[in-house]
Every structure is written in structure tokens, then in C-alpha cells.
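Structural description and commentary
Now for the letters of each chain:
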Amino acid sequence: MIDFHCHLDLYPNARQIAEDCRRRGLYVLSVTTTPAAWNGSSALACEAPRILTALGLHPQIAQERRAELPLFDELLPQVRCVGEIGLDGGAASRRDWETQSAVFEHILAKCSAAGGRIMSIHSRKAASHVLDMLAKFPDAGIPILHWYSGGYEDLKRAIAFGCWFSVGPAMLQGVRGTALSARIPRHRILTESDGPFARVDGRRAFPWDVDVAQLRLAKIWGLTDKETEEILHGNLRQLFYRAM
Ligand code: MN
């Protein structure tokens with residue numbers, strides 16, 4: 001199974017969670033919210049070759065952490081994946097919109113200059129702005145819109161642009177998230193948990209809760225769980241093949 005967007009370092013028992021992921025053979029993209037967290041987060045993955053740590057600067061803390069951009073630039077050559085990055089158009093974040101945009105633009109320009117990266121992208125209430133920005137930096141790499149919740153027109157645009165998507169149990173529990181997921185080409189989907197932020201059955205999500213997302217995709221696609229897992233694993237191989 002694959003959890004292509006979780007915050008391993010934000011679990012209180014992060015070491016244990018990382019060890020459980022390793023033991024279960026889970027493929028994990030451990031995203032970070034600040035460049036300063038990257039070293040500690042990647043240390044969690046040191047004995048688990050299937051856990052990759054992404055370098056990020058989350059839009060909701062762009063204002064307080066923008067001084068870490070030089071550290072982002074310094075670490076970028078060491079990583080294959082970048083995230084969590086993006087824009088947040090929610091009421092609380094909108095006052096930081098200019099800083100968020102400047103930070104996101106800086107990151108995309110650096111990824112572009114570095115030859116492209118796999119990018120896990122936040123686009124809550126900001127899908128069309130995220131797509132506008134991505135269009136300005138077509139060489140920034142392969143964008144993966146995590147927990148996409150925008151409109152159907154922007155979804156079409158994102159698909160046409162070449163975006164990938166990561167979908168989780170929380171997204172697939174809702175009618176709308178299910179309808180959006182059904183419109184995503186199945187060769188551009190990966191599963192995610194977005195733990196510990198996302199919730200499943202009233203508790204915080206764990207990386208292995210992606211089994212629920214995989215089952216729901218199987219239902220949408222009319223396939224068995226095993227067939228669905230094969231598609232998702234094929235997608236993961238294809239993603240890294242394309243990113244080489
Ligand atoms: Mn997240």
C-alpha cells in the first residue's frame with residue numbers, strides 16, 4: 001500500500017509509526033511543513049528505504065517561516081520530492097496571501113532550476129490560483145494535488161495540465177470527494193492518509209488507513225482490491241520513472 005502524503009513527524013510517537021510503516025512494507029511520502037523539520041523527519045526514515053521525506057513549506061505557515069527559504073534552497077539538491085507546498089485560500093490564511101504566493105513562486109522557480117521535482121501540493125480553496133502558478137513554471141516537475149477539493153472545471157484543467165492526485169479515506173468518505181475521484185484518470189492517482197491531520201472514524205488517521213481509500217477506489221473502478229493495488233503500485237513506479 002501507498003501513503004503518498006502524511007506528516008510522520010507530527011505524530012507524538014513518530015518513531016513507532018515510522019517503524020510500523022516499515023514493518024508493514026508501506027510506501028510513504030513523509031511530507032514536512034517547514035525546511036527546519038527536514039533533517040529530523042528524514043532521520044525517522046533512515047532504516048526504511050520505502051519511506052521518502054519531502055522538503056516542504058506549508059502555505060498556512062508561510063508567513064512565520066518564510067525566513068527558512070534559504071534553508072529550503074540549500075536542502076533542495078538532496079531531495080527527490082518537495083511538499084507540502086501550495087496555497088491556502090481559507091479565511092484564516094487569506095491575510096497571508098501575498099507571502100504564500102511569494103513563497104510558492106520561489107519554490108517552483110527553484111524546483112524548475114533544479115531540473116524538476118515530484119511535488120505534493122495543497123490547494124484548499126485555491127485550486128485555480130495553484131494551477132495558474134504551475135502554468136508559470138511548467139518545468140517545476142510533476143505536481144500531485146493532494147486532497148483536491150476544488151471545482152470540476154479546475155479538475156479538468158489540472159488533468160489537462162498533467163497533474164497527479166493523491167486521495168485519502170477522508171476525501172473518499174464524502175459524496176463530493178468520491179465524485180471528484182471518479183473523474184481522475186486512474187493512472188494518475190495515488191493514495192494518501194494526510195495523517196495525523198485527517199480523521200478517520202473520529203480519530204486521527206494513520207498511514208495504513210490508506211487501505212480504506214484503496215477499497216473505495218476499487219469500488220469506484222469496479223475492480224478487486226488486489227487489482228486496484230496493482231494499478232496504484234504501477235502508478236508509483238511510473239511516477240518515479242517519469243521523474244528521472
Ligand atoms: Mn497535509
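Let me sum up the structure you'll find in this document.

Reading the values: the criteria
Residues numbered from 1 in each chain as written. Predicted model: local features only at pLDDT ≥ 70, side-chain atom pairs only at ≥ 80, totals over all residues. Heavy atoms only, no water. Phe/Tyr/Trp six-rings, centres within 6.5 Å; stacked < 30°, edge-to-face > 60°. Helix = DSSP H or I, 4+ residues; strand = E, 2+ residues; numbered from the N terminus. Disulfide = S-S within 2.5 Å. Pairing = 2+ DSSP bridges. Axes fitted to C-alpha atoms, helices over the stretch in contact; angles between N-to-C directions. Contact = heavy atoms within 4.5 Å. Donors = N, O, S within 2.8 Å, 3.2 Å for Na, K, Ca; no water. Buried < 20%, exposed > 50% of the residue type's maximum accessible area, 1.4 Å probe, protein only.

Let's shift gears to the packing of aromatic side chains. Enumeration according to the criterion identifies four aromatic pairs in this entry. Plain terms: the ring middles of Phe4 and Phe240 are 6.2 Å apart, the flat faces sit at 75° to each other, and that makes the pair edge-to-face. Residue Phe4 is located in strand β1 (residues 2-6), and its partner Phe240 is located in helix α11 (residues 225-243); the two are separated by 236 residues in the primary sequence. On the numbers, 6.1 Å between centres and 85° between planes, the contact of Tyr148 with Phe165 is edge-to-face.

This paragraph deals with the state of the cysteines. Under the defined criterion, the tally for this structure stands at zero disulfides. Of all cysteine sulfurs in the structure, the one in Cys111 sits closest to Cys163, which takes part in no disulfide; the separation is 14 Å.

Spatial strand order, β1-β2-β3: three strands in an open sheet with parallel pairing. In the strand order of this sheet, the two ends are held by β1 and β3 (51-53), each with one partner. Each strand axis lies, on average, 10° off the axis of its neighbour in the sheet, ignoring direction. Where strand β2 (residues 27-30) and β3 come together, three bridges link them in parallel fashion. Residue Leu29 lies in a different strand from β3, and its bridge partner there is Leu52. Packing of α11 onto the sheet brings it into contact with β1, β2 and β3, and relative to β1 it is tilted by some 60°.

Moving on, we come to the coordination of the manganese ion. Distances from the manganese ion to its protein donors, His5 (NE2), His7 (NE2), Glu84 (OE) and Asp194 (OD), fall at 2.3 Å. The sequence motif formed by the donor residues of the manganese ion is H-x1-H-x76-E-x109-D. Of this pair, His7 sits in the loop between β1 and α1 (14-24) while Asp194 sits in the loop between β8 (189-191) and β9 (199-200); the two residues are 187 residues apart in sequence, bridging distant segments of the chain. Each of the two residues, His7 as well as Asp194, counts as buried.

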